[in-house]
Protein chains: 2
Amino acid sequence: MKSLLLVAHGSRREASNEEVRELARRLASRAQPAFSDVSAAFLELAEPSIPDGIVRAVDNGADQVVVLPYFLSAGRHVVTDIPEEVQKAQSARPDADIRTVSYLGSAEAVLDVLLELANGT
Amino acid sequence: MKSLLLVAHGSRREASNEEVRELARRLASRAQPAFSDVSAAFLELAEPSIPDGIVRAVDNGADQVVVLPYFLSAGRHVVTDIPEEVQKAQSARPDADIRTVSYLGSAEAVLDVLLELANGT
């Protein structure tokens, strides 16, 4: 049983946080059977935090938690902050299998999505 | 002759701005023949500005400039700030055909990219 955690920055604007949670819900139906559940967590300004999101998934029975940074560039948040938050969860649940995959902006397929949007005119 | 302008927020971290410019260069080779050129512009903190990027494309002979917001959520930047910047360019070049397409995060295909990343583990 694998759990996917979509990690976003978090915003003071609650509608933006809700947009990320809604994205996680839409992902959930398409992520099966590889992932039994998908949820959202935030680096700051919104709940749950990254450690809370990971620990919750582990305590709900996930054999593996996959952390996916919903970020466009490899800035400080992706390079330093998110790994630190993930480490807090790993310290809280030392036996848990927690993996962080590459951030959204790193995917070559983003180019195709941009071209589709551009050609929509 | 159409020109594509990839619009990002802009960062104090120059490597992040350069990452966007590099993305525009990579897009350029794949965007032909629909777009004769692809470049990057920034809402703040980096050059060129959005109006400068649009005006440059128009003055270089573009019949149409397509503005593509490289943003994940429909926050204030996408809803208010970018349209205001585009309007400045439209005022400077009243006859230019300038269109803004939907932001990256609005594309359904982003779900597929996220699933690919998640399944890469």
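For the structure, check the block above.
Here the structure is a predicted model, which is why all the values come from computation and not from measurement.

(A) Structural context of the sheet that holds strand S2 (residues 37-42) of chain A. Residues and elements named next belong to chain A. Taken together, four strands build an open sheet; the order of strands is S2-S1-S3-S4 and the sheet is parallel. The open sheet has two edge strands with one neighbour each: S2 and strand S4 (97-100). Put simply, the sheet's adjacent strands are angled 25° from each other on average, direction ignored. As judged from the six bridges shared by strand S1 (residues 2-8) and S2, these two strands associate in the parallel manner. Bridge pairing in S2 places Leu-6 opposite Ala-40.

(B) Main features of the relation of the copies chain B and chain A. Its rotation angle being 180°, the transformation that places chain B on chain A also includes 0.0 Å of axial translation and leaves an RMSD of 0.0 Å. Overall, the copies show the geometry of a two-fold rotation axis. A shared binding surface is used by both copies, with 100% of the interface residues of chain B retained as interface residues in chain A.

(C) Representation of the environment of Val-78 of chain A in the model. Residue and element names in this part refer to chain A. With respect to the secondary-structure elements, Val-78 resides in helix H3 (residues 76-92). Using a relative accessible area of 15% as the deciding quantity, one classes Val-78 as buried. The spatial distance from the C-alpha of Val-78 to the C-alpha of Val-7 is 9.9 Å, given a sequence separation of 71 residues. Those residues in contact with Val-78 that lie beyond four places of it in its chain are Pro-69, Phe-71, Ser-73, Pro-83 and Tyr-103.

(D) Examining the sheet that holds strand S2 (residues 37-42) of chain B more closely. Pairing is parallel across the open sheet formed by four strands, whose spatial order is S2-S1-S3-S4 (chain B). Looking at which strands have only one partner, the edges of the open sheet turn out to be S2 and strand S4 (97-100) of chain B. Shown here is a sheet whose adjacent strand axes are inclined to one another by a mean of 25°, direction ignored. The pairing of strand S1 (residues 2-8) of chain B with strand S3 (residues 64-69) of chain B spans six bridges and is classified as parallel. Residue pairing for S3 of chain B: Leu-4 of chain B is matched across the bridge by Val-66 of chain B. Together, S1 and S3 of chain B form the strand contacts of helix H4 (residues 109-119) of chain A, whose direction differs from that of S3 of chain B by roughly 135°.

Conventions and cut-offs
- Residues numbered from 1 in each chain as written.
- Chains lettered and ligands numbered in written order.
- Predicted model: local features only at pLDDT ≥ 70, side-chain atom pairs only at ≥ 80, totals over all residues.
- Heavy atoms only, no water.
- Pairing = 2+ DSSP bridges.
- Helix = DSSP H or I, 4+ residues; strand = E, 2+ residues; numbered from the N terminus.
- Axes fitted to C-alpha atoms, helices over the stretch in contact; angles between N-to-C directions.
- Least-squares fit on C-alpha atoms with pLDDT ≥ 70 in both.
- Contact = heavy atoms within 4.5 Å.
- Buried < 20%, exposed > 50% of the residue type's maximum accessible area, 1.4 Å probe, protein only.

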